[in-house]
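Here's the letter readout for the chains.
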Amino acid sequence: MKCALCIPTLNAAATAQAFLAALNGQSFAEFERLLVDSSSTDGTPELFAAAGFRVHTIPRTEFNHGATRQLAVDLCPDADIIIFMTQDAILAHSSSLQRLVDAFDDPRVGAAYGRQLPAKGATPVAAHARLFNYPPESHMRGTADIPRWGIKTAFLSNSFAAYRREALRGAGGFPSDAIFGEDTWVAARMLQAGWTIAYCAEAQVRHSHSYSMGEEFRRYFDIGVFHGREEWFLGGLGRAEGEGKKFVVSEFKYLLGTAPWYIPSALFRTVLKFAGYRLGLQEKYLPDWLKRRVSLNRLFWG
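Residues numbered from 1 in each chain as written. Predicted model: local features only at pLDDT ≥ 70, side-chain atom pairs only at ≥ 80, totals over all residues. Heavy atoms only, no water.

As a further point, take the overall build of the protein. Each helix and strand counted, the protein has 13 helices and nine strands in total. For the protein, whose C-alpha radius of gyration is 19 Å, the value lies close to the compact-globule estimate of 19 Å for 302 residues. By its C-alpha atoms, the protein is 45 × 45 × 40 Å across when sized along the principal axes. Counting the 302 residues in the protein, one finds 52% classified as buried. Taken as a whole, the protein presents about 13600 Å² of accessible surface, with 55% of it coming from carbon and sulfur. Averaging the positions of the 33 positive and the 30 negative side-chain charges in the protein gives two centres separated by 6 Å. (Helix = DSSP H or I, 4+ residues; strand = E, 2+ residues; numbered from the N terminus. Rg over C-alpha atoms; globule rule 2.2 N^0.38 Å. Buried < 20%, exposed > 50% of the residue type's maximum accessible area, 1.4 Å probe, protein only. Areas by Shrake-Rupley, 256 points an atom, 1.4 Å probe, with all protein chains shown as cover. Lys, Arg positive; Asp, Glu negative; His and termini not counted. Charge placed at Lys NZ, Arg CZ, Asp CG, Glu CD.)

What follows is the structure, given as C-alpha cells:
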C-alpha cells in the first residue's frame, strides 16, 4: 500500500525541529510527504521543504479543517493510505507510524488513530483529557459497538490519524462546511458504510493543549454548532451529555489524587464548557456578529 503523510501548517517553526527529528527517526519511511501551508511568515515552508516535503501554499483565509485536508488528499492521488498529523504532534516512538499503518492490514479498517500522550509541561487538566480520551489499550469499533461506546464510537483525531482512500471516498471525503470535527464526521460516515475504526494505542504522539477558560468556552461552542447542524450524527450515535458526565467524574478523581488545587478551576471550566456547548446548539438563532465573536474557528464565519 502506498502512503502519504499530510501536514497542514501555519507558522510551525517553533515545533518544526522536534517534529522533524521525531519523523526522521521513524522505522517506517516509505511515504510521500506533503505540507499544506496557510501562508506562514516564519520560514515553515522552507524548513519542511528541506526535510523532503512537497509544499503547497494556500491563502490563510482559505483554510478550513475539512476542505484543506480534502485538498491534501486530492494532491496525493496515488496514496492508498493518507496519514494526517498536526504541526504540534510529536511522534513518541520510532515505531509510531508503522504501528498506525499496520492497522490497515485488516481489510475492515477504514480509519485508524493513535494514542495522544500529554505534551511535556502539560497542566493536570490537559493531561487528564489525554489520559481519558486515549487509554493504553487498543480496540476496534463498528456499528455493533454503538450501544457500548455511544458517541465515542466515531471518536477520531486528525492530530494523528490515517484513512483508507477507498473508505474516505465512500464517506464523501472531508466535509467543506463543518466548523468542527471533520475527523469524527468522516468516522461516523464510515461506520454507516460498514467500515471499522481502529484505535492503535501503540502508535503514540505527544500532543495536548492547555486551553484558557475563554478558549474552552469557544471550543465547546463550536462543538455545539457542529452537533446542532449535523443532527444525523447524534441521531445515530447518541447524545454527548452522557460522555460529558463520565469525563467530569473522571477528571475530579484524577485531580483529587494528583493536583487537588486545580479542582475549583476545573469545575468552573466544566460550567463554561457546558454553557458554550448549549449556546452552540442554538447557533441558528444567534446573530452573525455574536457567532463570529464567540467561535474559536473564526475563519469559518467569513
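Before going further, it helps to examine the packing of aromatic side chains. Taken as a whole and judged by the stated rule, the model has 16 aromatic pairs. An angle of 70 degrees between the planes, with centres 6.3 Å apart, marks the rings of Tyr113 and Tyr134 as edge-to-face. A residue pair is termed long-range when its members are at least 10 positions apart, and Tyr113 in strand 6 (residues 109-117) and Tyr134 in the loop between helix 5 (124-133) and strand 7 (139-141) qualify at 21 residues. Residues Tyr113 and Tyr134 agree in their burial class; the two are buried. Note on Phe132 and Phe247: the rings are 5.1 Å apart at their centroids and 85 degrees apart in plane angle, and the pair reads as edge-to-face. Separated by 115 residues along the polypeptide, Phe132 in helix 5 and Phe247 in helix 11 (residues 241-258) bring together distant segments of the chain. Counting every residue linked through ring pairs, the aromatic cluster contains Tyr113, Tyr134, Phe155 and Tyr199. (Phe/Tyr/Trp six-rings, centres within 6.5 Å; stacked < 30°, edge-to-face > 60°.)

As a rule of thumb, soluble globular proteins bury nonpolar side chains together. Counting 49 residues, the largest nonpolar core has Tyr163 and Met190 as the members making the most contacts within it. The dominant element in this core, judged by the number of residues it contributes, is helix 8 (residues 182-192), at six residues. Counting 32 residues, the second largest nonpolar core, distinct from the first, contains Phe19, Ala22, Ala103 and Ala162. (Core = buried A, V, L, I, M, F, W, Y, C linked by side-chain atoms within 4.5 Å.)

So, about the side chain of Gln116. Tracing the backbone shows Gln116 in strand 6. One polar contact links Gln116 to His207, side chain to side chain, over a distance of 2.8 Å. The residues touching Gln116, leaving out its near neighbours within four places in the chain, are Arg130, Tyr134, Ser157, Ser159, Phe160, Val205 and His207. (Polar contact = N/O pair within 3.5 Å; in protein donor to acceptor, adjacent residues only side chain to side chain. Contact = heavy atoms within 4.5 Å.)

Moving on, we come to the pairing of strand 9 (residues 196-206). Put simply, side chains in a regular strand alternate between the two faces of the sheet. Across the 11 residues of strand 9, nine count as buried, placing the element largely inside the fold. In terms of strand pairing, strand 5 (residues 90-91) meets strand 9 through two bridges, oriented antiparallel. Residue pairing in the sheet places Ile90 in a bridge with Arg206 of strand 9. Across eight bridges, strand 6 lies against strand 9 in parallel orientation. Residue Ala111 lies in a different strand from strand 9, and its bridge partner there is Ile197. Across three bridges, the pairing between strand 7 and strand 9 is antiparallel. Residue pairing for strand 9: Arg141 is matched across the bridge by Ile197. (Pairing = 2+ DSSP bridges.)

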